[in-house]
Amino acid sequence: MDSPRPAPAADRPIEIAPSVLPADFSRLGDEVTALAKAGVDRIQWDVMDGRFVPNLTFGPDVIAACRPHVTVPFEAHLMVEEPDQLMDRYVDAGCELLLVHAESTRHLHRSLGKVRELGARAGVALNPATPAEAVANVLDLCSMVLVMTVNPGFGGQDYIATMEPKITQIRRMIVDGGHDCDLEVDGGIGPATVAAAARAGANVLVAGSALYRDPQGLEHAVAELRELATATR
Ligand code: DX5
C-alpha cells in the first residue's frame, strides 16, 4: 500500500496533554496544579479497569476531587470494557471529552452518540493493531481521534513508529471529510519522537514519562515538546 499523502494539520493547534499516570497519586491535587502551571493545554486521565487493559487506575471520584484545583480541560481515556456503563460518571466528574476505544464496545457509533448526549465531546481511540478504517463511519461524531503509539496499560513504553502511516491516513480522512476533529497520539511521546508524530499529522500530543523525567522540570518539558512539534509546521 502506498503511504497516504500527508495532509495539512496546520489548521489544528498543537496541544500538549499530560498523562497523570506517572504522577504522585498521594498528591494528585498538587500534581494537576503543577501541570496547569507548567502550561499544559488539557489533562488526560488514563482510566483503566483491569479488564480491557491489565492495570487499574482512576475512578470518577478521584477525578472529581481534582477538578476544583485547576481550570484546564479534563479528558478521560476510557481503557475499559463496556464504556457505556461508566461514561456518565466521568462526565459528572468533570471530563469535557471522553475517549472510547473502538475495540471496547460492540456498538461504537451508539457509544459515541451517548457521550454527546451526556453533553461531552466524543473521541475514539485505536489500539495499534486496529486499522484507520475503524473510524471511517464515526468521524462525524468525533472531536478527537486518538492513535495509540503503544499497547495500552502502562506508561514508559517505547513509541511504535509503524503507527505513523496510520496517523497520516486518519489525518487525510479528517481533512478530506471536512471534519472538525483533532488527532491525538499517546504512548512513548518525548523529545525524540514528538516531531515524527506531529509530522505524520498529530496535533495533540499526550506524554507522561517524558514530562516527569525531564531534569529541568515540567515547564521545560512541556515547552520543549510544544516547540519540537510546532517546528514541523
Ligand atoms: C498507556 C497510557 C500511556 C500514558 C503515557 O495505556 O495511556 O500511554 O498515557 O505514557 P508515556 O508517555 O509514559 O508513554
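Residues numbered from 1 in each chain as written. Predicted model: local features only at pLDDT ≥ 70, side-chain atom pairs only at ≥ 80, totals over all residues. Heavy atoms only, no water.

Caption draft 1: Focus on helix α4 (residues 108–117). Those residues of α4 not exposed but buried are L108, S111, L112, G113 and V115. Tucked inside the fold, the buried residues of α4 contact α3 (87–92), β4 (95–101) and β5 (121–126). Residue G119 follows α4 closely and has a positive phi angle near 95 degrees. (Buried < 20%, exposed > 50% of the residue type's maximum accessible area, 1.4 Å probe, protein only. Helix = DSSP H or I, 4+ residues; strand = E, 2+ residues; numbered from the N terminus. Contact = heavy atoms within 4.5 Å.)

Caption draft 2: Looking closely at unusual backbone geometry. One non-glycine residue, E82, adopts positive backbone phi at about 50 degrees. Structurally, the position occupied by E82 is in the loop between β3 (74–79) and α3.

Caption draft 3: Representation of helix α1 (residues 28–37) in the model. Burial in α1 covers these residues: L28, G29, E31, V32 and L35. The buried residues of α1 occupy one face: seen down the axis, they fall within an arc of 165 degrees. Buried residues belonging to α1 abut β1 (15–18), β2 (43–48), α2 (60–66), α7 (209–212) and α8 (218–230). Where α1 terminates, the next one or two residues include G39, which has phi positive at roughly 95 degrees. (Arc of directions from axis to C-beta.)

Caption draft 4: Spatial organisation of the pattern of salt bridges. Counted by the stated rule, this structure contains 12 salt bridges. The shortest N-O distance in the salt bridge between R12 and D180 comes to 2.7 Å. Within this pair, whereas R12 is found in the segment before β1, its partner D180 is found in the loop between α5 (164–177) and β7 (182–186), the two being separated by 168 residues in sequence. A relative accessible area of 62% places D180 in the exposed class. Here the salt bridges share partners, and the residues they tie into one network are E15, R42, E75, E96 and R121. (Salt bridge = Lys/Arg side-chain N within 4 Å of Asp/Glu carboxyl O.)

Caption draft 5: Summary view of the site of the ligand. What surrounds the ligand is a group of 18 residues, the closest being G153, D186, G188, G208 and S209. Within the side chain of S19, an N or O atom sits 3.3 Å from an oxygen atom of the ligand. Here G208 contributes a backbone N or O atom positioned 2.8 Å from an oxygen atom of the ligand. Bound to the protein, the ligand loses 99% of the 370 Å² it would expose on its own. When contributions to the shell around the ligand are tallied by element, the ones reaching two or more residues are β2 and β3. Per element, the largest residue contribution to the shell around the ligand is three residues, and it comes from β2. Grouping the amino acids of the shell around the ligand by side-chain chemistry returns six nonpolar, 10 polar and two charged. (Near = heavy atom within 4 Å. Polar contact = N/O pair within 3.5 Å; in protein donor to acceptor, adjacent residues only side chain to side chain. Areas by Shrake-Rupley, 256 points an atom, 1.4 Å probe, with all protein chains shown as cover. Nonpolar A, V, L, I, M, F, W, Y, C, P; charged D, E, K, R; others polar.)

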